[in-house]
Structures are given as structure tokens and as C-alpha cells.
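Working through the structure, step by step
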Amino acid sequence: MNSMALNPTLTRIVPPMSVVFLLLLLLTCLSGIAQPTDSIPLRHGAHRIGNRTDSDMAHWRDYGLGQFIHWGLYAIPGGFWHGQPVNGAAEWIRSSKKVDPKEYDALISQFNPVKYDPVAWALMAKNMGTKYVTFTTKHHDGFCLWPSKYSDFTIMQSPWKKDIIKPFVEAYNKQGIDVYLYFSIMDWHNPDWRYELKTKSDSVAFDRFKEFTKNQLTELLTLYPTTKGLWFDGTWDKSWKASGAFSDELEQYLKKLRPGLVIGSRLRADEKGNRHLDANGRLMGDYHQVWERKIPETIAEVKGYDWECVMTVPENQWGYNARWSGHVKSSSEIIEMLANCVSKGGNFVLNFGPKGDGSFREEEIRLAKEIGNWMAVNGEAIYAAGQSDFRKEDWGYYTKSKTSGKTYMVVFNTPVTNMLKVNIPKNQKIASQKLLGSKQVLPLEHIEGRMHYIRLPGGVRQQPAVIELQLISDDQKKELDVPKT
Ligand code: FHN
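Residues numbered from 1 in each chain as written. Predicted model: local features only at pLDDT ≥ 70, side-chain atom pairs only at ≥ 80, totals over all residues. Heavy atoms only, no water.

1. A short note on empty space enclosed by the protein
- On inspection of all chains with the given rule, the structure shows two cavities of 30 Å³ or more.
- By volume, the largest cavity amounts to about 50 Å³.
- Considering only residue class, the lining of the largest cavity consists of five nonpolar, five polar and two charged.
- Approximately 40 Å³ is the volume attributed to the second largest cavity.
- Arg48, Ile49, Gly50, Asn51, Arg282, Leu283, Gly285 and Tyr305 are the residues that line the second largest cavity.
- Along the lines of polarity and charge, the residues of the lining of the second largest cavity split into three nonpolar, three polar and two charged. (1 Å grid on protein atoms, 1.4 Å probe; cavity = no way out; pocket = protein on both sides within 12 Å on 5 of 7 lines; lining within 4 Å. Points joined across faces, edges and corners; volume = space filled by probe spheres on them. Nonpolar A, V, L, I, M, F, W, Y, C, P; charged D, E, K, R; others polar.)

So this is what it looks like as C-alpha cells:
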């Protein structure tokens, strides 16, 4: 007798096949891999519908502000080759200047960053308000900032001869900052790297390369066990796009090795070569990683996914370039980008490119300070904050705290009247409106319907003002309005 037969009610109502189906559905959900009900069958597409719901990802989602650091051999020439400025990003100099690989690799003999002070770096990041940092362990040139036993091109072959990553992780963790490791899959130094797999021997070499990649990643997670996630790059070439099965297995392997690990959408490709979104339009990875030096115009563009924006201070320069050309962003512009991202539910990450000697350029030190000063007063509008229920207005961005439920107005464009238009969402009322920092209560005027004006104090502002709004429902307001007897 099967167990179903023990329950006459159930056997009468639910035929056995439906029960099997329901059990299968339940099992699939419990295994955490819900199969999207999509038209194109994929073995290496998205593993999940929607965002991760675990606490590690919730923690990631609440960071608000992060720091990115690009540091490697390219910081030594700093955008110049034989005294001549090179166009393009400084960290690409080997490729864009078509430098003889031997000549480029010889830079290793000059890597002796006597001013490298991870404790000071971490303090600068902490004072800026950073909650997480992504650090280049290996960029496209293949130079490893850690003592990798799988490569002959590491910090140990440089005059420095000491691990850069270990003291970095320790110092940042000590400041309460989570560390994510950047890792370029594309590796110009490794002879087994291929852009395309045209021949059998290409495939054989690339198989060796895959093994090497897996070994290096295992090494990183083993040496630096507090790593919260891996930030992949250099995954756009045909060879990698044709390796969807491998990148899928790799991601699952890494997450098994370190449960909770966060990996964005830059690692994988599906078996049809699609990156980020699979052939069914579903995200492959824990958050959307296409937002490089750009911010979505509307929240609709992020399609409900977790996302992060990574941004440079000058134009497209990540590694140290002695000659910053083009527009260099001010701290107010950067804060505006930060508020813009948070208002759309994303994290914002600002890049720094230390010099070859390990020191930061003056502009970056100043920016970090200015951003930090603003964050010290207004951080509650950024951390653990996201999209609000308010309609966007021209003066700036609304954010909403996930913890307190308060709404914040981050004001960038103050009208000459100093009157800020606010359209309150349905069934809500403003209970208080205060300037963050001073706690000054600001005048509120009802115009009509749901439209109000909040008046900012006049005067010139160097940085955006933030107004904290406490809202209550219409019903609560009515209760408060009833005179106490
Ligand atoms: O080519 C790299 C570039 O140098 C830099 O590392 C950025 C950071 O997002 N990623 C690549 C371009 O997408």
C-alpha cells in the first residue's frame, strides 16, 4: 500500500500524478533552483527567477557606497610609454600601445611600492563612508598581486616580494569594510589564453587555461577566507563565451567552496553565448553588472534585478594615469550619482587608481574626504536605502530607508524660490520634515491635492542638502488630529 492510500480524502481529491507533480515542484523550490518557465530550453542559463533572498545578498544590497581599486604594473608607466602619453585607459597600455610583451612584463622589476600602506588606504575608505571594496587581484595583464603558485608573474617575482592582498584584506576588514576580489579571466600573460577557439590545439590550450583559472580562484578563496564575493572581468571574448558549461560549473563550484559568495553577471555565458542575460532574458549571476560608467535612466531599465554601478573619477581611466584628461568629476557630481543609484535600488562604487609607489593622487584623497564629510551627515539616506514611493522631481532624488521607513530628499537643483515641490503618495501625510544634520524643521505648505512645497533655507550650498521626511498614513494623521480630552 502506498502512503497516499492511507489518506482517503487526499486520494479522492488529488489524483496521484498531480501529487507527484506537486512534490516535484516543491523539491525544485527547496533545492533553490527554480527553473524559469521559459520558451528556450537552456542547461546553462539562469538558475533562479528574480533576486537572491538570503542574508548575504541582503547585506550586499544595503551597502550603498563602495570603493573600487585598480592597481597593478600599469600604474608604473601611468599612461605614458617612453615619455609619450598614450590614448585610452592606462591599464590597457600593453594592448593599446602594442607594447612588446617582454618589455611590458619587465615592469615587474620596478614594482616596489614603498608607500603602500593598506592601513591608511582602509582608513581613507572608511572615512569616505565605504562599506565594501573591490580590489584587482589580477587585471588583464596577468600580474598577480598575491603569491600565486600557479603563475610566474606575481608579486613574489617583483622587488616587493610580499603579498599585497593579505594585509589589504586584514586592514579593510578591521575597518568593517567587506572585501570583494576583482579577477580578470582574460590573461594576456598566460600563453594558454585564447581569444577564439579556432583549432583543436586552441581548445587543448584553453582547457589548460580553464584549469589554471579554477586553481587561481580556489587559491584566492583559500588564502583570503573573509572574501565576500568575486568580481569578474575580461569575459567578453569568443573563447569564454563558448565556455558556458565551464563558467556555470565554476560558479557553482566557487559557491560551494564559499557559501554565500556574491558573483555578479560578468562571469557566465549561456550555451548560446549570451552574457549577463540568458537567451530567455534572465539574469545569470547575483546582480546585474552592465552598469559601468553609466546609470540607468529609469528604474524600469534594471528590470527588478539587484545592480551596481562602477564609476571612474575622470573619463575612462581605471588604473593610475598621470595625465587625467577630459572631464574630472567633482565630489558633488559623484554624490549626485550615488544618490541617483540608491534611489533606483543600486549600489554605487567609485574607482581609485593608486600610483606605482602605492600612494594616492591628491585629487582622489580630496574627493574621498569631501564625500566622507557629506556621508558622515547624510549617510542614513544612502545605507540600507532604496527606491521610495514618491514621484521623481526636478530638484533631485528620493531615497527610502529599509530600516526606519523614513524618506529622504537629496536636493541637487535648488530652485531660486528655494521651494521644493513634493507630491505625497496616496493615503500618506508628512508628519515631519527636517534638514539632516541640523535637525532644523522646514516650512511645509500645502498647495493642492497631494502637492506641497517644502522651503529650504536660502544661501549658497557646496554640497546637496538632505531633508528627512517622516510619513504617516492618512488614518494615523486623523487620529493625531483628534483633540485629546
Ligand atoms: O577592461 C576593463 C577595464 O580596464 C576596467 O577594469 C573595467 C572596470 O569595470 N572593466 C573592463 C572594461 O569593462
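Back to the write-up after that little detour.
2. Considering the site of the ligand
- The local shell around the ligand holds 13 residues, among which His70, Glu91, His140, Asp233 and Glu292 are the closest.
- With respect to the ligand, the side chain of Tyr182 contributes an N or O atom lying 3.4 Å from an oxygen atom.
- Across the shell around the ligand, the residue classes break down as six nonpolar, three polar and four charged. (Near = heavy atom within 4 Å. Polar contact = N/O pair within 3.5 Å; in protein donor to acceptor, adjacent residues only side chain to side chain.)

3. Comments concerning the packing of aromatic side chains
- Using the criterion set out here, one finds 35 aromatic pairs in the structure.
- Between Tyr116 and Trp121, the ring centres sit 4.9 Å apart and the planes meet at 80°, which makes this aromatic pair edge-to-face. The pair formed by Tyr116 and Trp121 is uniform in burial state, with each residue classed as buried.
- Ring-pair connections join several aromatic residues into one group, and the members of that group are Trp71, Phe111, Tyr116, Trp121, Phe135, Phe143, Phe153, Trp160, Phe168, Tyr172, Phe352 and Phe360.
- Stacked on the ring of Trp160, the Lys or Arg Lys162 has its end atom at 4.0 Å from the ring centre. (Phe/Tyr/Trp six-rings, centres within 6.5 Å; stacked < 30°, edge-to-face > 60°. Buried < 20%, exposed > 50% of the residue type's maximum accessible area, 1.4 Å probe, protein only. Lys NZ or Arg CZ within 6 Å of the ring centre and 35° of its normal.)

4. Digging into the pairing of strand 6 (residues 229-233)
- By the criterion of burial, strand 6 is predominantly enclosed, with five of the five residues buried.
- With five bridges joining them, strand 5 (residues 178-184) and strand 6 adopt parallel strand pairing. Looking at strand 6, one finds that Ser184 is bridged to Asp233.
- The handedness of the strand 5 to strand 6 crossover, carried by helix 8 (residues 200-223), is right-handed. (Helix = DSSP H or I, 4+ residues; strand = E, 2+ residues; numbered from the N terminus. Pairing = 2+ DSSP bridges. Right-handed = clockwise from strand over helix to strand, strands pointing away.)

5. Examining the side chain of Glu364
- Looking at where Glu364 falls in the secondary structure, it is placed in helix 12 (residues 362-378).
- If sequence neighbours within four positions are ignored, Glu364 has contacts with Trp324, Asn351, Phe352 and Gly353. (Contact = heavy atoms within 4.5 Å.)

6. Describing the pairing of strand 9 (residues 347-352)
- Among the six residues that make up strand 9, six are buried, leaving the element largely enclosed by the rest of the structure.
- The alternating pattern of strand 9 places Asn347, Val349 and Asn351 and Phe348, Leu350 and Phe352 on opposite faces, both of which are buried.
- Examined bridge by bridge, strand 8 (residues 308-311) and strand 9 share four bridges and lie parallel to one another. Note that in strand 9 the partner of Val310 across the bridge is Val349.
- Crossover handedness for the path strand 8 to helix 11 (residues 331-343) to strand 9: right-handed.

7. Observations regarding the pattern of salt bridges
- On inspection of all chains with the given rule, the structure shows 24 salt bridges.
- Among the salt bridges present, the one from Asp207 reaches Lys210, with a minimum N-O distance of 3.4 Å. In this pair, Asp207 and Lys210 are both assigned in helix 8, three residues apart and thus about one turn of the helix distant.
- Overall, the relative accessible area of 15% leaves Lys210 in the buried class.
- Linking Glu393 and Arg391 is a salt bridge whose minimum nitrogen-to-oxygen distance equals 3.6 Å. (Salt bridge = Lys/Arg side-chain N within 4 Å of Asp/Glu carboxyl O.)

8. Side note on helix 11
- The end-to-end C-alpha separation of helix 11 is 18 Å, in line with the 18 Å expected for 13 residues at 1.5 Å each.
- Where burial is concerned, most of helix 11 is hidden: ten out of the 13 residues are buried.
- All buried positions along helix 11 are accounted for by Ser331, Ile334, Ile335, Met337, Leu338, Ala339, Asn340, Cys341, Val342 and Ser343.
- Two residues or fewer past helix 11, Gly345 is found with a positive phi of approximately 80°. (Expected span 1.5 Å × (residues − 1).)

9. A few points about the domain arrangement of the protein
- Under the domain assignment, the protein is made up of domain 1 (55-384) and domain 2 (388-481).
- Between the C-alpha centres of domain 1 and domain 2 there is a distance of 37 Å.
- Listed as interface residues are 17 residues of domain 1 and, on the opposing side, 18 residues of domain 2.
- Across the interface of domain 1 and domain 2, roughly 1500 Å² is buried in total on both sides, 55% from carbon and sulfur atoms.
- Where domain 1 packs against domain 2, one counts one salt bridge. (Domains from an automatic or database assignment. Buried area = accessible area lost by both parts, 1.4 Å probe.)

10. Focus: the state of the cysteines
- Within the structure shown, the criterion is met by zero disulfides.
- Free of any disulfide, Cys341 has its nearest neighbouring cysteine sulfur in Cys309, separated by 4.2 Å. (Disulfide = S-S within 2.5 Å.)

11. Thoughts on helix 7 (residues 165-174)
- By the burial criterion, the buried members of helix 7 are Ile165, Phe168, Val169, Ala171 and Tyr172.
- Next to the buried residues of helix 7 lie strand 1 (65-69), helix 6 (118-128), strand 4 (132-138) and strand 5.
- Residue Gly176 follows helix 7 closely and has a positive phi angle near 80°.

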